[in-house]
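Listed below, chain by chain, are the residues.
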Amino acid sequence: MAFAPPLFAAELWKMRSEKLQKRGFSDQMAPLMELLAGALRSGQSLNQALSSAADEMPFPASQYLATLVQKITLGAVPESAVDELALEFKDSPCASELRMFSTAVAVTRSSGGNLAEILSGLAETLRERQRLRAEIAALTAQGRMSGWIVGLLPLLILATLSVMDPELVAPMFHTTTGLILLATGLVLELLGLWLIRRIVRIDL
């Protein structure tokens, strides 16, 4: 049990790092599509274009692209390999962007077409989506801040009262009724925070 806190902290750090990597990859999708379009226009195959992008793009795109190239080199169908990568992102905006890329590859492989032009158009679409996400984040910043204030203010008041007048709040921690009230308040606080986050969250 003595190792539980460090292990828990390490797991939280890992989850946070993965979240930041996925967000970073989502921000890199538009320049990635432009880079792939340019490589295809120069005469490279899709796998060669992906390999070149893996060498030129910064982390974390380089890491995900290297895995993608390896799967395709071993015989995976390109659109299927991209779909598998999209599954790793689950609810991340990047998942839908990868599925758009997969659809573009599948359509051009089955019925022909200029994949480079399609990817250029996709890059413009992704840039517009990123611009809208930035605007939405700015517009909902006040709501997110209100959520944190609403959630932390009662805890701050309780901590202040505990320092200023411990006898006043002692029944909250040493009686059954007080503990029930604390538990109820905590549940309502968490519910309120969740509802506020749901209200200000706009998926795009």
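See the structure printed just above.
Residues numbered from 1 in each chain as written. Predicted model: local features only at pLDDT ≥ 70, side-chain atom pairs only at ≥ 80, totals over all residues. Heavy atoms only, no water.

Visitor: For this particular structure, what's the right way to read the overall build of the chain?
Guide: When you go through the chain residue by residue, the secondary structure sums to 9 helices and 0 strands. Secondary structure elements of the chain occur, N-terminal to C-terminal, as α-α-α-α-α-α-α-α-α. The C-alpha atoms of the chain give a radius of gyration of 24 Å, which is well past the 17 Å a tight globule of 204 residues would have. Counting only C-alpha atoms, the chain reaches 80 × 40 × 25 Å along its principal axes. Burial statistics for the chain: of 204 residues in total, 28% are counted as buried. Taking contacts inside the chain between residues at least 6 apart in sequence as the whole, the part at least 24 apart equals 59%. Approximately 13,000 Å² of the chain is accessible, and the part contributed by carbon and sulfur atoms is 66%. When the 18 positive and 20 negative side-chain charges of the chain are each reduced to one mean point, those points stand 2 Å apart. (Helix = DSSP H or I, 4+ residues; strand = E, 2+ residues; numbered from the N terminus. Rg over C-alpha atoms; globule rule 2.2 N^0.38 Å. Buried < 20%, exposed > 50% of the residue type's maximum accessible area, 1.4 Å probe, protein only. Contact = heavy atoms within 4.5 Å. Areas by Shrake-Rupley, 256 points an atom, 1.4 Å probe, with all protein chains shown as cover. Lys, Arg positive; Asp, Glu negative; His and termini not counted. Charge placed at Lys NZ, Arg CZ, Asp CG, Glu CD.)

Visitor: It is not clear to me how a positive patch on the surface should be interpreted in this structure. Could you clarify?
Guide: A cluster of basic side chains, namely R16, K19, R23, R144 and R197, defines a positive patch on the protein surface. The leading source of residues in the positive patch is helix α1 (residues 4-41), at 3 residues. Within the secondary structure layout, R197 lies in helix α9 (residues 176-200). In this structure R197 comes out as exposed when scored by relative accessible area, which is 55%. (Patch = residues over 30% accessible without salt bridge, like charges linked within 9 Å, V, L, I, M, F, W, Y side chains within 5 Å. Salt bridge = Lys/Arg side-chain N within 4 Å of Asp/Glu carboxyl O.)

Visitor: Just to check I follow, could you spell out helix α3 (residues 61-73) for this structure?
Guide: Owing to its 3.6 residues per turn, the α-helix brings residues three or four apart onto one side. Relative to the 18 Å expected for 13 residues at 1.5 Å per residue, α3 spans 18 Å between its end C-alpha atoms, a close match to the ideal helical length. The set of residues buried in α3 consists of A61, S62, Y64, L65, L68, V69 and I72. Seen along its axis, α3 keeps its buried residues to an arc of 160°; they face one direction. Of the residues trailing α3, G75 is marked for its positive phi of about 115°. (Expected span 1.5 Å × (residues − 1). Arc of directions from axis to C-beta.)

Visitor: For this particular structure, what's the right way to read a nonpolar patch on the surface?
Guide: Together, M145, W148, I149, L152, L153, L155, L156, I157, L161 and L168 give the surface a local cluster of nonpolar side chains, amounting to about 1,000 Å² of exposed area. In terms of residue count, helix α7 (residues 141-164) provides more of the nonpolar patch than any other element does, 9 residues in total. Structurally, I157 is set in helix α7.

Visitor: Whenever I open this one, the packing of helix α2 (residues 46-56) against α3 confuses me. Can you help?
Guide: Helix packing geometry: the angle between the two helix axes and the distance between the axes. For the pair α2 and α3, the least separation of the axes is 8 Å and the interaxial angle reads 150°. When the axis of α2 is compared with that of α3, the two are roughly antiparallel. In this structure, the crossing between α2 and α3 has a hand that is left-handed. Contacts between α2 and α3 involve N47, L50, S51, A53 and A54 from the former and S62, L65, A66, L68, V69, I72 and T73 from the latter. (Axes fitted to C-alpha atoms, helices over the stretch in contact; angles between N-to-C directions. Parallel < 35°, antiparallel > 145°, perpendicular 65-115°, else oblique. Left-handed = near helix turned anticlockwise from the far one by under 90°.)

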